[in-house]
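Inside the fold
Here is what each chain is made of, one letter per residue.
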Amino acid sequence: KQWYQRRVRGRSTSAVNQAARSGNVVVDKKYGAGGNQQKAIQKNTANLDRETEELKHESVSKDFSKHLREARTAKGWNQKEMAQKINEKPQVIADYESGRALPNNQIQSKMERILGVHLRGKDAGKPLQPRGKKKK
């Protein structure tokens, strides 16, 4: 479907049609009209071009992986059983235990809750405090 823009402004449709028949109308084709095209260059592109070291994503720490593996085996679960309990795929558990996974706070919190152990931070490896009413 091609879209055309007529350059006769402030005229009625009959006047525009008459001008079109006589050839006094300039018609411009709009290429890519309505398309979802982003042509703006991101401002971080120049910074990435200037970067000399190789960039890579942050993965989970070795301490996190170690505490996760220890807590899971202490519960007597295999990776598949733990994945079912937190509604994730077994490959996700394997990636976290091997240190290949990208950190996701939501998944990490689910793991901590189901295992009952802190897996990150200064209390890593220590049991979670049971949830209860806070003292005033």
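The structure this text deals with has already been given above.
Now for a quick tour of the structure.

A few words now on the pattern of salt bridges. Enumeration according to the criterion identifies four salt bridges in this entry. E88 serves as the salt-bridge partner of K110, at 3.0 Å between the closest nitrogen and oxygen. In this pair, K110 sits in helix α6 (residues 105-115) while E88 sits in the loop between α4 (79-85) and α5 (90-98), placing the two residues 22 residues apart along the sequence. Take K110: its relative accessible area is 22%, and that puts it in the partly exposed class.

All right, on to the environment of K62 then. With respect to the helices, strands and loops of the structure, K62 is situated in helix α3 (residues 62-75). Each C-alpha atom of the pair K62 and E97 lies 8.4 Å from the other, and the pair is 35 residues apart in sequence.

For the rest of this paragraph, the subject is the side chain of E97. With respect to the secondary-structure elements, E97 resides in helix α5. E97 sits in the buried class, given a relative accessible area of 5%. In terms of polar contacts, E97 uses its side chain to reach the side chain of R72, at 2.5 Å. With residues near it in sequence (within four places) discarded, E97 still touches S65, L68, R69, R72 and Q79.

A few words now on the nonpolar core. If you look at the biggest cluster of nonpolar residues, it comprises 17 residues, and the most contacted ones within it are F64, L68, M82, Y96, M111, L115 and L119. Elements represented by at least two residues in this core include exactly α3, α4, α5 and α6. Residue contacts for Y96: discarding those within four places in its chain leaves V60, F64, S65, L68, A101, L102, P103, N104, I107, Q108 and M111.

Our next topic: the packing of α3 against α5. At their nearest, the axes of α3 and α5 sit 7 Å apart, and the two run at 125° to each other. Classed by the angle they form, the pair α3 and α5 counts as oblique. Contact with α3, carried on its side by F64, S65, L68, R69 and R72, involves I93, Y96, E97 and S98 of α5 and no other residues of that element. Residues belonging to the contact of α3 with α5 are distributed by class as follows: four nonpolar, two polar and three charged.

Conventions we followed
- Residues numbered from 1 in each chain as written.
- Predicted model: local features only at pLDDT ≥ 70, side-chain atom pairs only at ≥ 80, totals over all residues.
- Heavy atoms only, no water.
- Salt bridge = Lys/Arg side-chain N within 4 Å of Asp/Glu carboxyl O.
- Helix = DSSP H or I, 4+ residues; strand = E, 2+ residues; numbered from the N terminus.
- Buried < 20%, exposed > 50% of the residue type's maximum accessible area, 1.4 Å probe, protein only.
- Polar contact = N/O pair within 3.5 Å; in protein donor to acceptor, adjacent residues only side chain to side chain.
- Contact = heavy atoms within 4.5 Å.
- Core = buried A, V, L, I, M, F, W, Y, C linked by side-chain atoms within 4.5 Å.
- Axes fitted to C-alpha atoms, helices over the stretch in contact; angles between N-to-C directions.
- Parallel < 35°, antiparallel > 145°, perpendicular 65-115°, else oblique.
- Nonpolar A, V, L, I, M, F, W, Y, C, P; charged D, E, K, R; others polar.

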